[in-house]
Each structure stands twice: as C-alpha cells, then as structure tokens.
Amino acid sequence: MGFDPWFTISCLTDPVNLLLMSAGAIFGIVMGATPGLTGTLGIALLLPFTFGLEPVVSLLMLGSVYCGSEYGGSIPAILINTPGTGAALCTTFDGYKMAQKGMAQEALNTALIVSVFGGFFGTITLIFLSIPLAKVSMKFGAPEQFWLAIFALTIIAGLASGNVVKGIIGGLFGLLLSTVGMDPVTGYPRFTFGTLQLMGGVEIIPALIGLFAIPQALLLISTGGGGQVGGFKPKRGLFLKTFRIVLKHFRVLIQSCFVGLVVGIMPGAGGNVATFIAYNEAKRFSKNPEEYGTGIYEGIIAPEACNNAVVGGAQIPLLTLGIPGSPPAAVLLGALMVHGLQPGFKLFAQHGNVVFTYMIGLFVSNILILILGSFLVRGFVRVLQVPRKFVAAAIFCLATVGAYAIRSASIDVITMMTAGILGFFLIRFGFGVAPVALGLILGTMAEEGFKLSLIIGAAKGSAWLYFFNRPPSMILIALTIASLIYSLYQEKKKKKEDIPK
Amino acid sequence: MNARTADFIIAALISLGSVFLLGQLQDIPREGYIFPGILLYGMIFCSAILFFRALLKSGSKETIHVFKDVPLGKWMVVVTIFILYVIGIFHIGFFTSTFLVSSAITLVLSGEHWKKAIPGNLAFAISLTILFYLFFAKLMMVRFPDALFF
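The shown structure was predicted, so the numbers you read here are calculated from the model rather than taken from an experiment. (Residues numbered from 1 in each chain as written. Chains lettered and ligands numbered in written order. Predicted model: local features only at pLDDT ≥ 70, side-chain atom pairs only at ≥ 80, totals over all residues.)

Another point: the overall build of chain B. When helices and strands are counted, chain B shows five helices and zero strands. In terms of C-alpha radius of gyration, chain B reaches 23 Å, well past the compact-globule figure of 15 Å for 150 residues. Here chain B, with 150 residues, has 29% of them falling under the buried criterion. Sequence separation of 24 or more characterises 67% of the internal contacts of chain B that already satisfy a separation of 6 or more. (Helix = DSSP H or I, 4+ residues; strand = E, 2+ residues; numbered from the N terminus. Rg over C-alpha atoms; globule rule 2.2 N^0.38 Å. Buried ≥ 20, exposed ≤ 12 C-beta atoms within 10 Å, placed from the backbone. Contact = placed C-beta atoms within 7 Å.)

Residue and element names in this part refer to chain A. Over its 12 residues, helix H6 (residues 89-100) runs 17 Å from end to end, which matches the ideal 16 Å to within 8%, given 1.5 Å per residue. Among the 12 residues in H6, 11 count as buried, and that is most of the element. Of all the residues in H6, the buried ones are Leu89, Cys90, Thr91, Thr92, Phe93, Asp94, Gly95, Tyr96, Lys97, Met98 and Ala99. (Expected span 1.5 Å × (residues − 1).)

On to the nonpolar core. Core analysis: the largest hydrophobic core is formed by 205 residues, its most contacted members being Ile78(A) and Phe396(A). Each of domain 1 (3-56) and domain 2 (72-139) of chain B gives at least three residues to this core. Each residue touching Phe396(A), except ones within four places of it in the same chain, is listed here: Ala217(A), Phe82(B), Tyr85(B), Val101(B) and Ile105(B). (Core = buried A, V, L, I, M, F, W, Y, C linked by C-beta atoms within 7 Å. Domains from an automatic or database assignment.)

A few words now on the domain arrangement of chain B. Looking at chain B, the domain boundaries give domain 1 (3-56) and domain 2 (72-139). One C-alpha centre belongs to domain 1 of chain B, the other to domain 2 of chain B; they are set 39 Å apart.

It is worth spelling out the interface of chain A and chain B at this point. Between chain A and chain B, the residue contacts involve 41 residues of the former and 50 residues of the latter. Class assignment for the residues of the side of chain A that touches chain B results in 27 nonpolar, seven polar and seven charged. (Nonpolar A, V, L, I, M, F, W, Y, C, P; charged D, E, K, R; others polar.)

Moving on, we get to the packing of helix H3 (residues 39-46) of chain A against helix H4 (residues 55-72) of chain A. Residue and element names in this part refer to chain A. At their nearest, the axes of H3 and H4 sit 9 Å apart, and the two run at 160° to each other. The angle between the axes of H3 and H4 places the two elements in the roughly antiparallel class. Judged by the twist between their axes, the crossing of H3 over H4 is right-handed. Every residue of H4 that contacts H3 at Gly39, Gly42, Ile43 and Leu46 is listed here: Met61, Leu62, Val65, Tyr66, Ser69 and Glu70. (Axes fitted to C-alpha atoms, helices over the stretch in contact; angles between N-to-C directions. Parallel < 35°, antiparallel > 145°, perpendicular 65-115°, else oblique. Left-handed = near helix turned anticlockwise from the far one by under 90°.)

The contact between helix H20 (residues 410-428) of chain A and helix H3 (residues 72-91) of chain B brings their axes to 10 Å, and the two run at 175°. In this view, H20(A) runs roughly antiparallel relative to H3(B), as classed from their interaxial angle. Facing Ser410(A), Val413(A), Ile414(A), Met417(A) and Ile421(A) of H20(A), the residues of H3(B) in contact are Val79(B), Phe82(B), Ile83(B), Val86(B) and Phe90(B). In terms of residue class, the contact of H20(A) with H3(B) is made up of nine nonpolar, one polar and no charged.

Moving on to the environment of Thr320(A). One can find Thr320(A) in helix H14 (residues 297-321). Distance in space between the C-alpha atoms of Thr320(A) and Leu89(A) is 30 Å, their sequence separation being 231 residues.

Looking now at H3(A). Here H3(A) lies mainly inside the structure; eight of its eight residues are buried. Among the residues making up H3(A), those that are buried are Gly39(A), Thr40(A), Leu41(A), Gly42(A), Ile43(A), Ala44(A), Leu45(A) and Leu46(A).

Here's what the structure looks like:
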C-alpha cells in the first residue's frame, strides 16, 4: 500500500486545503439545512468546480459536503419540524418537541455533538475495514467486474425507487446511456443518431447534475415559502452542559452508530433507512420507551449519530468494491472516476496517499463541522429564512454554469438540461434517479467486464463457464438474486401495510 | 392518472423505444452490438413484467399525480425559461441570461404579490449575476461563450 504519512500531514495542515474543506462543510450544512436540498445535490453541484483541484483535495472537499449535509439536515428538523434531508426525519420526533419546550439550542448542540461522534465512528471503521475488503477485490477478474456492477444496480434499484421492476428499468436505462457514443472495441458509433457531439458519449457529471439538481429545483416550485423560522438567539455555556448529558447516553450513542455503520455498508440503503432502525432500536432498548417522541435527548442522539455513521459505512463498499452505499456515495463514485481513480485494491495500492489522506481527512472534516456548527449556528438557521424561489433560481443557474464549466461544451449543458427534465418525470413515475445515475456511472465498467469475459472465456473454451463458474462470480450472482428477492419481498410487504391505510 | 394506466403506457413506450433502438444497432459488428443489445432486451423483458403486473392490478385505485403539488402552468413556464436560458447563454451571453432568467424565475414563483416582490427579485438577480461573474469569470477563469452581449 503506497502511503506516505508526511503527505497526509502536509495535505491536511495546508491552510488552503483546510479553507476548501471548511467551504465544503459550510456548503454541505447549508444544503442539508435547506428543506428540499440534499447532500447528493450539493456534491453534484460542487463536483465540476473541483476538477481543477488535486484529486485528494477535491475528494476532501466533497467528503466535507457529505458530512456537513448529514448534520445540516437536523437544523430545520429541530427548529421548524421539517427534515432538511430524508435521514433527519426521525430527528423531528423529539428535536422539534425540545424546541417547543424552549430547548432548541440544547437540541441543536446534541445533534452537532453526536453527528461529529457518528462521523468519527464511521471514519475509524472505514479505515480499519477498507483494507481487508479491498484485498477481497483482488480476487475479482473481468466477470466479477460485470457482476459487481449488476449487484450494485439491483440493490439500488430495489431500495431507491420502491418499485423493483421500475428500479431495474432505470438501472438498465442508465447502463444504456453509458453505451452512447463510439464503441471502444469496434469504433462504430452507437445511438448517436448522426450527431457528432454524441460521439464522445454522455458525460457523467453534467448528467448527474441534471438528474439530482434540476428535479429538486422543479419540486421547489410547489413548496414556495421559506422564512418560517422566528428569532433564534443562542446562549453561552450550554455546549459543555449538553456534552455531559450526551455522555450519559453513551449506550444509545454507540448502538446507533453501529446501526448506521451496518446499514451504511449495505449498498443502497443509506441514512433514510438507517435512522428509522436506530430510532426504533433505541426506543426498544429504553427503560422508558413511552418518553420517545416527547422531546428527549435520546430521540436526537439515535438518528443523528446514526446518519453520520452511515457516511463512513457507505464509503466502505464504495472505496473497496466500487459499490456506493448511498446516493451521495454514488455521486462520489462519479467523482473518483472523473479523477481517474478506480475503486478496489488498485486504488489502495496505486493511490494509497490519496485514499488514506481522504479517509483520515474525514476526521478533520468532522472537527471542522464541530467548530463551524458551534460558531455559525445562527447563520445556518438564517438559511431557513431564504425564500424558496431564490433557492430554485440559484439552482438552475448554478447547475447550468456547473455543467458548462467542466469543458466549456454546449453539449454538456444540453445533457444536464435533458437529464434534469427527464429526472423530474423519472421521480414522479416511481423510477427514481439513483438507479439511472448509478447505471451511467457503472456502465463502462460493466461493459468492459462483460466484453473481456467473453473474449477470455472464448479463449479458454467456454465463455459461459467463465462467466458463471468462478467462485467469486457465483457469490456475486447469489447476492444479486438474494437482493432481488429481498427487494421484491419488501415491496410486497410495504404494499400490504399500505392497503389498510 | 390511474397508476395502472400509467404503467401500461410506460411499458408500451419502453418496449417501442427499445425495439427502435435495437434497429439502430443493426449495422454494428457483434462486439459493439452485444452489450447494448442485451440491455435493450432486458428493458423489453422488464416492461413486459411491468405490463403484466399492471394487468393483475385490475380494480386498483392507486394513482400517480405528476403535477399534484407542482402547478402545471408554473412548471411549464419555469421549464420554458430554463430551456431559453440554455439557448440564451450561447446567443445572448451568459451573464445577461443569468440576470434575465433569475429575475424571471423569481417573478413567476412570487405568486399573488409579485408586484411587491419585484425590488427584492431584482436585487437577488443582480447579486447572483455579480457573484457568478466574480467567482466563475474572475476567480475560476471559466471562459464563457462569445455571444451578442456580456
């Protein structure tokens, strides 16, 4: 593993890098704190502006956005009973009740402290688990490369859209988009319809910006409003008091971090699922479960520690196998690929400095969030007062300039716009945008694995045997089938639950 | 729209689209055809499942509201402004378009009190344009398209 500690230290103590990470963290907190906007959108919007940076700095900045957004979601959840992100939904149960009791600052401090703790927990596990898992990826050849992409897609398809068949169609559509342009083997153009600009294929980043940013901006048309929060005046001296109270609930904290970590590692599940489990488990193990939902500290500790532990957990399969554990991790996968960093053992062996600096940098990001969160909380609360019409207009303009700035090409802006409008309908018709985005990101890897397997398999006597008979392939196929069955079971169960309602 | 009807239409559209795209692959050698070909057959297969699942849901009252909480009129106006923006940046100029578009979108989304909101909207549009100019043109050195205006 090529890892130079001095490189990491110099990188993480560089004032410019720290400034960029702080900017990323603030941007992430703002994204998380604005209802309707998400960390995924934040990473997608910021991605084009990190192109000119060193890969490690770019990843550190995007990682800070991811960490910041998970904490930011708790601010509106506590103050206005509206979760900033899906993962902060459970925080509303007790956070808003605490705010109603006049304990808004205590609730916000709790969310900040446990978010940072959850972030630390996830990062430590990421560092220790990623190396052994990356070694597993060494056993992977071309067929496994293909099956891994299919496995990731089936999981995201099942969990992200809620309708397995529609999710798979979305994933296949994403894979199909990745085949647009000149075929790398034969040199023949595919699905270009005679357009020269499509010869190079569909650019991933503009498509990601469109898929994640534009539908959100279009959905903001409906919500309108903004400015719902009244005056919030933080008092001094409450931080340490809150810290002591949090320490008294250490068991809930650790338990929730574990839940976040395990669910985060499971590809596709993400914070939305994890926080519900963590909240339920905390309630189940509590001596006074009836107090949950009345405004207690544990009700904030469980979901907030959990959704930040997810950040580290979701990046374990991302960095080691190339399978994102959550939608923001899917966009981070795009960032890795854009910088020429292929997840897996090679990433650790050839770019050890980058990956280890990034992982250790997540600690620094969390420390920055702790500092920024405690000093700039009044500013973040003001984000809630910004009218949604301004947010929507800014997203349209930022998405356009972001798509254009990548390589100053008109086709990228058109790609972003088309993907954005399409994304709105994909969401509304139940397909979701995450399977399409992941299909587009993993398409090249899947096709390469598929074609190479056919060629090597044919040379060895049977392409089919080579495809299906290798033990790692068999495990991945079994996991794919199991995830499909599980997703179908979940879908059926959810429908049964919905019928009485 | 009834969810069942929507699924029928979507399944039919996906199948037709896939067949059309399969036709586009005809002149390509096998190596280039096989992967997208399998994907397209996969999409036809999945749309058939979607169709049959919809068929089994007879009597279902589940609905899909594409524009339930988003007014269709406003949506269309905003999307049109967005499309004009994308065209405008290459013909009118990036910063002029940004100013016009941010003013227009905020105006459309201002609702009943749009007249009162005009000064605030204009202040926002001017600030956003200046911010974009300073950050993208001056700091990040992004070269914007040569157009009629700035």
